[in-house]
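Structural characterization, general
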Amino acid sequence: MGLNNTPASERVHIGIFGKRNAGKSSLINAITGQNLAVVSPIAGTTTDPVVKSMELLPLGPVLFIDTPGLDDVGELGKMRIEKSYQALNKTDIALLAIDGTTGMTEDDRILIKHLKQKNIPFIIVMTKADEVSSHPVQNDLAENTIWVSSKTGENIWELKELTAKLLPNGGKTNRIVGDLLQPGDFVILVVPIDSAAPKGRLILPQQQTIRDILEAGAVSIVVKETELEETLKNIGKKPKLVITDSQAFAKVSKITPNDILLTSFSILFARYKGDLETAVQGAKALETVHEGDTILISEGCTHHRQCEDIGTVKLPRWIEEYTGKKLDFKFSSGTEFPQDLSSYKMIIHCGACTLNEREVKYRMQSAKNQNVPITNYGILISYMQKILARCIAAFPEFQTKV
């Protein structure tokens, strides 16, 4: 992925929900002007949430989520409905497609209740306007309702405009690191090149951080951990900040003088997308684990595991070395995040670079609601290295606490 491409995690997620044959897939095709979704008169054509990234004016970069029908049947149907409801956790704006020839049903009302509970802005889209002689609005959400026809294009443009207005505050305004920098500042990024690194490219959080540094008018210098010491000697100017891959914390913290701010990519992303203070407090739960306790290690993406994988190999080893206890580690990845967290002593999440902000906050809030401490890789590693206070000192919100 190039620096000019907007990652899926940074796009506005628009979820399309509704019963089977309510016209969800046709609606996506009409909105985008492309045949992105398979359309069929056979009920239940969409069997899993399907995502598609694109540019949609006037919103900009978006990601559409086409979900299975809310009225699916059978055991498989029940699982598909669960997938549709899971998609709510990452939905920024919801479009509820209702077949205009039949009207709203109990399934639709249940979904509206969930949308309200999760504070997801939504529009009720009455489809198939071309098949209905009159277009009444028979609900108490008239200002959220619009009649459209995917076949004739009626009100499709108006739907796009209405959708754009639902985006809060004009979209995401917080920064990864740019708010900590002044034009001309130097930032050193320490990027280990090991067996897990993708050939010929930087991983997503590194790309996004470099882009944010550039947009702040600052200068980024990218080095391997073996080159850091020489770079600090030869740079001719003290860097404002050193950002490292969490796995290199021990070596990088020894090399980097104490008067230079130090943090990691995953700590930056905990602040950018989630609740950094909750994650910092969550790391302290490591002091209360007992022999045999279960710890969930969760990753936002799915990837081929290497022999020294950070999540499944290195972290469990480091945690058991730190605590001196034999623990039971469970793992989740991608969209699979348990609803019931009560069996876990604590949760350790990755930096979540592939997840959007809404899903990260949903996961953190789920843990808080169930009184399960949650932290992330970089925060926990820096805590075990006894450098956590130093690694969060860069952030204004923590300067009175460290």
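Our structure's up above, just so we're on the same page.
Below is a summary of the structure that appears in this document. (Residues numbered from 1 in each chain as written. Predicted model: local features only at pLDDT ≥ 70, side-chain atom pairs only at ≥ 80, totals over all residues. Heavy atoms only, no water.)

Things to note about the side chain of arginine 11
The following threshold applies: A run of DSSP states H or I qualifies as a helix once it reaches four residues; a run of E qualifies as a strand once it reaches two. Both are numbered from the N-terminal end. Categorising residues by exposure relies on relative accessible area from a 1.4 Å probe, with only protein chains included: less than 20% of the type maximum marks a residue as buried, more than 50% marks it as exposed, and the intermediate range marks it as partly exposed. The charged-residue count follows a simple rule in which Lys and Arg add positive charge and Asp and Glu add negative charge, with His and chain termini not counted at all. What counts as a salt bridge is simple: a side-chain nitrogen of Lys or Arg found within 4 Å of a carboxyl oxygen of Asp or Glu. Here a residue-residue contact requires only that any non-hydrogen atoms of the pair lie within 4.5 Å.
With respect to the helices, strands and loops of the structure, arginine 11 is situated in the segment before strand 1 (12–18). Buried and unpaired, arginine 11 has no salt bridge, with glutamate 55 as the nearest side chain of opposite charge at 4.0 Å. Other than its neighbours up to four places away in sequence, arginine 11 contacts Thr6, Ser53, Met54, Glu55, Pro61, Val62, Leu63 and Asp92.

A look at the sheet that holds strand 10 (residues 261–264)
Let me state the cut-off plainly: Strands were regarded as paired on the criterion that DSSP finds at least two bridges between them. In this analysis an axis means a line fitted to C-alpha atoms, helices contributing only their contacting stretch, and an angle means the value between N-to-C directions, from 0 to 180 degrees.
An order of 8-7-9-10 is seen for the 4 strands of this open sheet, with the pairing classed as parallel. Taken across any chain shown, the strands that pair with only one partner, and hence form the sheet edges, are strand 8 (219–223) and strand 10. The sheet shows a mean angle of 20° between the axes of neighbouring strands, taken without regard to direction.

Brief notes about the pairing of strand 3 (residues 60–66)
Taking burial as the measure, the 7 residues of strand 3 include 6 buried ones, the bulk of the element. Bridge count between strand 1 and strand 3: 5 bridges; the pairing is parallel. Paired with histidine 13 across the two strands is leucine 63, which belongs to strand 3. Sheet topology places strand 2 (residues 50–56) next to strand 3; 7 bridges connect them, and they run antiparallel. Bridged to leucine 56 within strand 3 is glycine 60.

Remarks on the sheet that holds strand 12 (residues 328–332)
Read from one edge to the other, the open sheet built from 4 strands follows the order 12-11-13-14, with strand pairing classed as parallel. Two strands lie at the open edges of the sheet, namely strand 12 and strand 14 (374–376), each paired on one side alone. This sheet shows a mean twist of 25° between the axes of neighbouring strands, independent of strand direction. Taken together, the 4 bridges between strand 11 (residues 294–298) and strand 13 (residues 346–349) define a ladder with parallel strand orientation.

Considerations on the side chain of aspartate 108
The residue aspartate 108 is located in helix 3 (residues 106–117) in this model. Although aspartate 108 is buried, it makes no salt bridge; lysine 19 carries the closest opposite charge, 5.9 Å away. Those residues in contact with aspartate 108, other than ones at most four positions away along the chain, are Lys19, Leu96, Ile98 and Gly103.

A few points about the environment of alanine 94
Tracing the chain through its elements places alanine 94 in strand 4 (residues 93–99). Taking the C-alpha atoms as reference, alanine 94 lies 6.9 Å from isoleucine 120; in sequence the two are 26 residues apart. If near-sequence neighbours (up to four positions away) are discounted, alanine 94 is found in contact with Gly15, Phe17, Leu115, Ile120, Pro121, Phe122 and Ile123.

Description of the pattern of salt bridges
Scanning all chains against the criterion turns up 12 salt bridges. Note that lysine 361 and glutamate 357 form a salt bridge whose closest N and O atoms lie 2.7 Å from each other. With a gap of 4 residues between them, lysine 361 and glutamate 357 both fall in helix 11 (residues 357–369), about one helical turn apart. Looking at glutamate 357, the relative accessible area reads 24%, which means it is partly exposed.

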